[in-house]
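Inside the fold
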Amino acid sequence: MTSRTMRCLTMAAALLTLAGPAAAQVNRNLDAYKRETDAAVDRLHVFTQQMVDQVFSFAEPGFQEVESSKYLTGILEKHGFTIERNYAGVPTAWVATWGSGKPVIAIGSDLDCVPASSQKPGVAYHEALVEGAPGHGEGHNSGLPLSITAAIAVKEIMARDRISGTLKIWPGIAEEMVGTKAYYVRAGLFKDVDISLYSHVSANFGSGWGSGTGTGLTGVQYTFTGESAHSASQPWRGRSALDAVELMNVGWNYQREHLRLQQRSHYVVTDGGAQPNVVPSTATVWYYLRETDYEHIKGLRAIADRIANGAAQMTATTVSSRLTGSAWLAHMNKTVAETMYANIEAVGLPAWDEADQTLAKGLQKELKQEESGLPTKIQPLRGNIPPDQNYGGGSDDIGDISWNVPTATLSYPANIPNLPGHHWANAVAMATPIAHKGTTAGAKVQARTILDFLLRPELVEQAWAYFRDVQTKDVKYQPLIGQEDKPAIDINQELLNRFRPSMRKFYYDPAKYKTYLEQLGVTYPTVRATTPEAGAPRTSSPGG
Ligand SMILES: [Zn+2]
């Protein structure tokens, strides 16, 4: 018997026992439990704030989440979770499990930060903590604190009232490279999972089902190898790998005209040689190739491979490639998203105060964006967006998970609206009361949603019916990673090694300081007083 058939039988049995008055009793209990987890999450707000601040201060880019993972798994272990480390061949990945029996609920969120977005929190203009260093310019420092808070609030009730169920918390390692979730799927993390609840930082509460806007992608590094020589005295003996990189990029940029409008692609040169008088014997260019479905993502990769081979032929170099990450375009589950959204409506937005609004408007003004401040109304539930109305956008490897188990994303209000993304400005709010309040509100929603799926087996069944009969009726998941592909765990190692010594001085010490803002001596909020003349900053160190 397959585990899925088993699941159906278990659920059918559960449904039988819950007819009539029993079901009414469950709903009464459920409401009481939800009020209980709301209160528990409120009581945990200092615990949550410390986690948000601590992970913010570690600021570790993809695959280098060493301190962050050590810290969070330590907390989970203290709370009775069993930790499986080094998961799926990724040293910073782990899975934390608590409880037993069905249903199995997976709760995930990302952990990595963004290169070159170091920023002092609570300050509404650019002021790096360490110039050029990685920083949480995406806000991933808040997601696992949210997941952990929610799980702890629920598990106390589960333990006390002997409620059956297993909670599995997992980190999105190297999400900025869409680097691990397909490997988690391959390693079997979601094999027995009934419902998957994901969360991602946003500037408002939200959820949605079906296909959204955005793209899937493959990340590919092309490394060319030539022959070094003295660039002036014997250039004819050299074969430049950098020439090949440049020609590949020229080829790709001409190709763009003849690609579907849905594609989005970009590259950085991560190795372009050492100094001009040495013909570069190696050079590497790193591409993100984005499209909206499996076939087209595969197709873009094939075109890039062809152009890379052409560039190698033109320069008499050789080329090799490796996959750095992959993601399907997500398809979110209707039942899971609707359940989540009902809880969003029940919890509502945090009560922002004057200081929060001042920081938000100060930052929006600094970036010459609409000074709308923080949201006071939640976004409507998003429904399915047909492919012809998807104008592209970012990617998240939650897509792969969404095609393996009913999944929905909770967007929670822990950041400021109208920011550019992957930018120092996106780090400004992430260790301030805005992030703390938003993460607490998000944890309440996630705790309530966990309770819904623990106590209403018919919802689990409904979610699987949508997954089976609608979502995967015609489209079946095939991984974009091959059997030979391995997680690109070495990426960012040198980067972090370079900055770690100067970043360490800024690690948060909750034993000495109530908040990270207090440790840094930041007055909350710090905004420019006035701009005396356009573009002339009055502060001494506004940075780049
Ligand atoms: Zn993200």
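Residues numbered from 1 in each chain as written. Predicted model: local features only at pLDDT ≥ 70, side-chain atom pairs only at ≥ 80, totals over all residues. Heavy atoms only, no water.

Quick word on the coordination of the zinc ion
Looking at the metal site, the zinc ion is ligated by Glu138 (OE), His140 (NE2) and His200 (NE2), spaced 2.0 Å from it. Ordering the donors of the zinc ion by residue number gives the pattern E-x1-H-x59-H. With a gap of 62 residues between them, Glu138 in the loop between strand E3 (104-110) and helix H5 (143-160) and His200 in strand E5 (residues 195-202) connect regions that are remote in the sequence. The same class applies to Glu138 and to His200, which are both buried. (Donors = N, O, S within 2.8 Å, 3.2 Å for Na, K, Ca; no water. Helix = DSSP H or I, 4+ residues; strand = E, 2+ residues; numbered from the N terminus. Buried < 20%, exposed > 50% of the residue type's maximum accessible area, 1.4 Å probe, protein only.)

Quick look at the environment of Asp397
Relative to the assigned elements, Asp397 resides in the loop between helix H10 (354-366) and helix H11 (398-402). As a C-alpha pair, Asp397 and Ala327 span 70 residues in sequence and 4.3 Å in three-dimensional space. Only 3.3 Å separates the side chain of Asp397 from the backbone nitrogen of Gly179, close enough to count as a polar contact. A distance of 3.3 Å separates a polar side-chain atom of Asp397 from the backbone nitrogen of Thr180. (Polar contact = N/O pair within 3.5 Å; in protein donor to acceptor, adjacent residues only side chain to side chain.)

A word on the packing of aromatic side chains
To describe a pair of aromatic rings, you give the distance between the ring centres and the angle between the ring planes. In this structure the tally under the stated criterion is 17 aromatic pairs. Ring centres 6.3 Å apart and planes at 80° place the aromatic pair Tyr222 and Tyr287 in the edge-to-face group. Taken together, the residues Tyr222 in strand E7 (residues 216-225) and Tyr287 in strand E9 (residues 282-291) connect sequence positions 65 residues apart. For the pair Tyr222 and Tyr287, one class covers both residues: buried. One aromatic cluster is present, formed by Tyr87, Trp170, Tyr184, Phe190 and Tyr198 through successive ring pairs. A cation over a ring is seen here: Lys334 above Trp209, with NZ or CZ 5.1 Å from the ring centre. (Phe/Tyr/Trp six-rings, centres within 6.5 Å; stacked < 30°, edge-to-face > 60°. Lys NZ or Arg CZ within 6 Å of the ring centre and 35° of its normal.)

What to know about the pairing of E5
Summarising burial for E5: 7 of the 8 residues are buried, a large majority. Strand direction decides the pairing type here: E3 and E5, joined by 4 bridges, are parallel. Its bridge partner lying in E5, Ile105 is registered against Ile195. Where E5 lies against strand E12 (residues 407-413), 7 bridges are found, and the strand directions are parallel. What sits directly across from Val201, in E12, is Tyr412. (Pairing = 2+ DSSP bridges.)

Section: helix H12 (residues 433-455)
Spanning 23 residues, H12 covers 33 Å between terminal C-alpha atoms, matching the ideal 33 Å at 1.5 Å per step. With 21 of its 23 residues buried, H12 lies for the most part within the structure. (Expected span 1.5 Å × (residues − 1).)

Regarding the pairing of E9
Of all 10 residues making up E9, 9 are buried, and the element is well covered by its neighbours. Bridge count for strand E8 (residues 264-271) against E9 is 7 bridges, and the pairing is antiparallel. Opposite Val269, over in E9, you have Val285 as the bridge partner.

Some thoughts on the sheet that holds E5
Spatially, 6 strands are ordered E1-E2-E4-E3-E5-E12 in an open sheet, and the strand pairing comes out mixed. On the outer flanks of this sheet lie strand E1 (82-85) and E12, each paired with one strand and no other. Strand-to-strand twist of the sheet, defined as the mean angle between neighbouring strand axes without regard to direction, takes the value 20°. (Axes fitted to C-alpha atoms, helices over the stretch in contact; angles between N-to-C directions.)

Quick look at the side chain of Thr149
In this fold, Thr149 is placed in helix H5. Looking at Thr149, the relative accessible area reads 0%, which means it is buried. Of note is the side chain of Thr149, whose polar atom sits 3.0 Å from the side chain of Thr48. A polar side-chain atom of Thr149 sits 2.6 Å from the main-chain carbonyl oxygen of Pro145. Residues contacting Thr149, with those up to four places away along its chain left out, are Val41, Leu44, Phe47, Thr48, Met51 and Ala443. (Contact = heavy atoms within 4.5 Å.)

Concerning the packing of helix H9 (residues 334-347) against helix H13 (residues 457-471)
Running from N to C, H9 and H13 point in directions that differ by 135°, and their axes come no closer than 7 Å. When the axes of H9 and H13 are compared, the pair comes out oblique. Across the interface between the two elements, Lys334, Thr335, Val336 and Thr339 from H9 touch Leu459, Gln462, Ala463 and Tyr466 from H13. Of the residues assigned to the contact of H9 with H13, the class counts are 4 nonpolar, 3 polar and 1 charged. (Parallel < 35°, antiparallel > 145°, perpendicular 65-115°, else oblique. Nonpolar A, V, L, I, M, F, W, Y, C, P; charged D, E, K, R; others polar.)

Details of unusual backbone geometry
Note that the residue after Lys102, namely Pro103, is joined by a cis bond; omega there is -10°. Mapped onto the elements of the fold, Pro103 is located in the loop between strand E2 (94-100) and E3. Here the amide bond leading from Tyr524 into Pro525 is cis, since omega sits at -5°, within 30 degrees of zero. Counting through the fold element by element, Pro525 comes out in the segment after helix H15 (516-520). For Phe63, which is not glycine, the phi torsion reads 75° and is therefore positive. Tracing the chain through its elements places Phe63 in the loop between helix H3 (45-58) and helix H4 (66-78). With relative accessibility at 3%, the residue Phe63 sits in the buried group. Its identity is not glycine, yet Asn492 carries a phi of approximately 75°, on the positive side. Looking at where Asn492 falls in the secondary structure, it is placed in the loop between H13 and helix H14 (493-504). Classification of Asn492 by relative accessible area gives buried; the value is 17%.

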